[in-house]
Each structure stands twice: as structure tokens, then as C-alpha cells.
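# Per-entry structural report
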Amino acid sequence: MQDNEKQVLAALVQLTGTGDTFKVLEADEILGRLPEGTVMDKQALGAVIRELRGTGYLDVKYLTPDEYCLLVSPRAEEALRPPREEEPRSADTPQTPVPQRNEETVRKKAREYDAKTAPKLFAIAFAGSMLGGMIVAALAIILQKFAL
């Protein structure tokens, strides 16, 4: 969320709250609630409100360049809250140890895996190619017998 959107959303929350009723607000009223130094006109305000409606922070019944009928969703207050910082862990909190990868163990397991599976893979591939060859030969014999 951009700074302009956050500022407008904060002003809307101040003006309307997050109830379940739509409120009619004038553009000048919203622009007056924006922080000092914020340069925004009515067109930019309308674009920001459309963007906030698209992201689900606002429900809008109608909007004109000078007037807005809108409802601020509870999700808007959550978006304006500062993010929580994680609590520092105390010495009493047990930490699960992260297992260290031993490169030699990994290489040894890879060699064992290759030594065990290579003959099996060869036998399976050989049997598959033999079966495929037999199917092709049978089809060729059948086609020659009936085609001629």
C-alpha cells in the first residue's frame, strides 16, 4: 500500500470509523483530514478511493467528484496497524537444533544409492526395450500377413 493510500485510509477511518453503516463524506472534508504537506486534489482522491475499493478496504455505494458514500471495512484498521515485532526469545525457551549437513555423509549416501539402483534400472530399461521390440515385431508380422 502506498503512502497516499495509507493517508487517505487513515483519514477515512478517523471520519467514519469501521461501523456497518455507509457514511456520506465530501471530498473537501477528506482532503482537510490529510496530514500537512500532502498534495492531493479531488481527482487524485477519487483515484485513491477507487484503488482502495478495488483492494477491499472500502465498500462504495456511489461516488461523485465532490461526494462519496462509503463504508470502511474492518480490514482497513488492520492495514493501518504497525506490524508486530517478534518477541525476543529468552534463555528459558528451548530452541530446536538445526541439523548440520555433512558433505561427506551426503556423498557417501549418493554413492550407495547409485550402487544399489544402477543394476535394477538397467534391468528395467532392458526389459522395457525388449517388450517394445516384441510388440512392434508382432504388429509388423500381422500387417504383412493381412496386407499381402
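Just so you know, the residues in each chain are numbered from 1, in the order the chain's sequence is written. Per-residue local features are limited, in this predicted model, to residues with pLDDT of at least 70; the limit for side-chain atom pairs, both in listing and counting, is 80 or more; totals at the level of whole chains, interfaces and linings are taken over all residues. Excluded from the side-chain calculation are hydrogens and water; included are all heavy atoms of the structure.

### Quick notes on the nonpolar core
- With 21 residues, the main nonpolar core has Val8, Leu12, Leu45, Ile49, Leu58 and Leu70 as its most contacted residues.
- Among the elements of the structure, α1 (3–16), α2 (27–33), α3 (42–55), β2 (58–63) and β3 (67–72) are those that each provide at least two residues to this core.
- Looking at this core, the element that brings in the most residues is α1, giving five residues. Only buried residues count toward a nonpolar core. Its members are Ala, Val, Leu, Ile, Met, Phe, Trp, Tyr and Cys residues joined through side-chain atoms within 4.5 Å. Partly exposed describes any residue whose relative accessible area lies between the buried limit of under 20% and the exposed limit of over 50%, with all areas from a 1.4 Å probe on protein chains only and scaled to the type maximum. To qualify as a helix, a DSSP run of H or I must reach at least 4 residues; to qualify as a strand, a run of E must reach at least 2; elements of each kind are numbered from the N terminus.

### Concerning the pattern of salt bridges
- When a carboxyl oxygen of Asp or Glu lies within 4 Å of a side-chain nitrogen of Lys or Arg, that pair is called a salt bridge. As enumerated under the stated definition, the model contains two salt bridges in all.
- For aspartate 28, the salt bridge goes to lysine 42, with nearest N and O atoms at 3.7 Å. Of this pair, aspartate 28 sits in helix α2 while lysine 42 sits in helix α3, placing them 14 residues apart in sequence.
- For lysine 42, the salt bridge identified is with aspartate 66, shortest N-O distance 2.8 Å. Placement of lysine 42 in helix α3 and of aspartate 66 in the loop between β2 and β3 is noted, with a sequence separation of 24 residues between them.
- Aspartate 66 gets classed as partly exposed once you look at its relative accessible area, which sits at 43%.

### A look at the packing of aromatic side chains
- Pairing of aromatic side chains requires ring centres within 6.5 Å, counting the rings of Phe and Tyr and the six-membered ring of Trp. Pairs whose planes differ by under 30 degrees are stacked, by over 60 edge-to-face, and all others tilted. Per the stated rule, a full pass over the model turns up one aromatic pair.
- When the centroid spacing of 6.2 Å and the interplanar angle of 20° are considered together, the rings of phenylalanine 122 and phenylalanine 126 count as stacked. Of this pair, phenylalanine 122 and phenylalanine 126 are both found in helix α5 (residues 103–147), four residues apart, which corresponds to roughly one turn of the helix.
- Using a relative accessible area of 59% as the deciding quantity, one classes phenylalanine 122 as exposed.
- Residue class for phenylalanine 126 comes out partly exposed when judged on its relative accessible area of 47%.
- A ring has a charge above it when a Lys NZ or an Arg CZ is no more than 6 Å from the ring centre and no more than 35 degrees off the ring normal. Directly above the ring of phenylalanine 22 sits lysine 61, whose terminal nitrogen or CZ lies 4.9 Å from the centroid.

By themselves, these figures tell us nothing about what the structure is for.
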